[in-house]
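Chain residues, written in single-letter form:
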Amino acid sequence: MSTHYLLPDLCDAYPEKVNVVAPQFNSYGGKQSYHGQIVTIKCHEDNSLVAEQVDRNGDGKVLVVDGGGSLRCGLLGDNLAAKAVKNRWQGILVYGCIRDVDEIGEMDLGVHALKTHPLKSVKRGIGLLNEKVFFGSVTFSPGSYLYADNNGLLVSDELLAPV
């Protein structure tokens, strides 16, 4: 998935097909532009499911992690991000915090999150996989598509042709 999309162009070309995520996320990954089919996780301060998913084939996919907006720990660090790169995930969006940002910034992975936090999360195996999640004024449905670049984030129910 090396196709490069510019989000302003997508918004102009497909105004009825895109939902723009509220501008609250910061870009931390080495890949500035990414897109892919959404896989969702809903968890609170427990990244067990994140660890499981980045170990799976992520070719053409983006992991959307609904951490409830918690600012009390990081749900993604350099070790899990490295596994995501190895397994060809396009990007990870975290509604919460990440850690190890200097290392993640050097990786070929798109990463957006609210903030950074040095504390790691707990691992109790608690969370939901591939459920619809809502944050940033947008519903993220498994199988829909996330597009990201330095202009922001947007979601579409279908794969959009580049413009």
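Above this text you will find the structure in question.
Reading guide: rules and limits
Residues numbered from 1 in each chain as written. Predicted model: local features only at pLDDT ≥ 70, side-chain atom pairs only at ≥ 80, totals over all residues. Heavy atoms only, no water. Disulfide = S-S within 2.5 Å. Phe/Tyr/Trp six-rings, centres within 6.5 Å; stacked < 30°, edge-to-face > 60°. Helix = DSSP H or I, 4+ residues; strand = E, 2+ residues; numbered from the N terminus. Buried < 20%, exposed > 50% of the residue type's maximum accessible area, 1.4 Å probe, protein only. Core = buried A, V, L, I, M, F, W, Y, C linked by side-chain atoms within 4.5 Å. Contact = heavy atoms within 4.5 Å. Pairing = 2+ DSSP bridges. Salt bridge = Lys/Arg side-chain N within 4 Å of Asp/Glu carboxyl O.

Participant: Requested: an account of the state of the cysteines, with residues and values cited.
Facilitator: Here the structure, examined in full by the defined rule, presents zero disulfides. With no disulfide of its own, Cys 43 has Cys 73 as its nearest cysteine by sulfur position, at a separation of 8.5 Å. Here Cys 97 stays unpaired: no disulfide links it, and the sulfur of Cys 73, its closest cysteine neighbor, is 7.5 Å away.

Participant: Which residues make up the packing of aromatic side chains, and what are the values?
Facilitator: The full count for this structure, using the stated rule, is five aromatic pairs. With a centroid separation of 5.9 Å and 55 degrees between ring planes, the pair formed by Phe 25 and Phe 135 is classed as tilted. In this pair, Phe 25 sits in the loop between β1 (19–20) and β2 (26–27) while Phe 135 sits in strand β8 (residues 133–135), placing the two residues 110 residues apart along the sequence. Considered together, Phe 25 and Phe 135 belong to a single accessibility category, that of buried residues. Here the aromatic rings of Tyr 95 and Phe 135 are separated by 4.6 Å at their centres, their planes lie at 5 degrees, and the arrangement is stacked. Here Tyr 95, found in strand β5 (residues 91–98), pairs with Phe 135, found in strand β8; they are 40 residues apart in sequence, far enough to count as distant.

Participant: Requested: an account of the nonpolar core, with residues and values cited.
Facilitator: Formed by 24 residues in total, the largest nonpolar core has its most connected members in Leu 63, Leu 76 and Ile 92. Mapped by element, the contributors of at least two residues to this core are β3 (34–42), α2 (48–54), β4 (61–66), α3 (78–86), β5 and β6 (110–116). Per-element accounting of this core gives the leading share, four residues, to α2. Excluding residues within four positions of it along the chain, Leu 76 makes contact with Val 50, Ala 81, Ile 92, Val 94, Cys 97, Ile 98, Arg 99, Ile 104 and Val 111. Tyr 34, Phe 140, Leu 146 and Ala 148 belong to the second-largest nonpolar core, a separate cluster that totals 17 residues.

Participant: Explain the environment of Ser 70 to me, and be specific about the residues and the numbers.
Facilitator: By the secondary structure assignment, Ser 70 is in the loop between β4 and α3. Residue Ser 70 is classed as buried on the basis of its relative accessible area, which comes to 11%. Along the sequence, Ser 70 and Lys 83 sit 13 residues apart, while their C-alpha atoms lie 23 Å from each other. Not counting the four nearest positions on each side in its chain, Ser 70 is found in contact with His 44, Glu 45, Tyr 95, Gly 96 and Cys 97.

Participant: Explain the pairing of strand β10 (residues 145–149) residue by residue, including any values.
Facilitator: With respect to burial, β10 is a largely interior element, five of its five residues being buried. Here β10 shows two buried faces, one formed by Tyr 145, Tyr 147 and Asp 149 and the other by Leu 146 and Ala 148. The pairing of β3 with β10 spans four bridges and is antiparallel. Each bridged residue has a counterpart across the sheet, and for Gly 36 the counterpart in β10 is Leu 146. Relative to strand β11 (residues 152–156), β10 runs antiparallel, the two sharing five bridges. Looking across to β11, one finds that Leu 146 is bridged to Val 155. Turn length for the β10-β11 hairpin, with the two strands adjacent in sequence and antiparallel, is two residues.

Participant: Could you give an account of the pattern of salt bridges, with specific residues and numbers?
Facilitator: In the structure shown here, the tally under the stated rule is six salt bridges. For Arg 88, the salt bridge identified is with Asp 59, shortest N-O distance 3.7 Å. With a gap of 29 residues between them, Arg 88 in the loop between α3 and β5 and Asp 59 in the loop between α2 and β4 connect regions that are remote in the sequence. Of the charged contacts in the structure, one is a salt bridge between Asp 100 and Arg 99, with a shortest N-O distance of 3.9 Å. Residue Arg 99 is classed as partly exposed on the basis of its relative accessible area, which comes to 24%.

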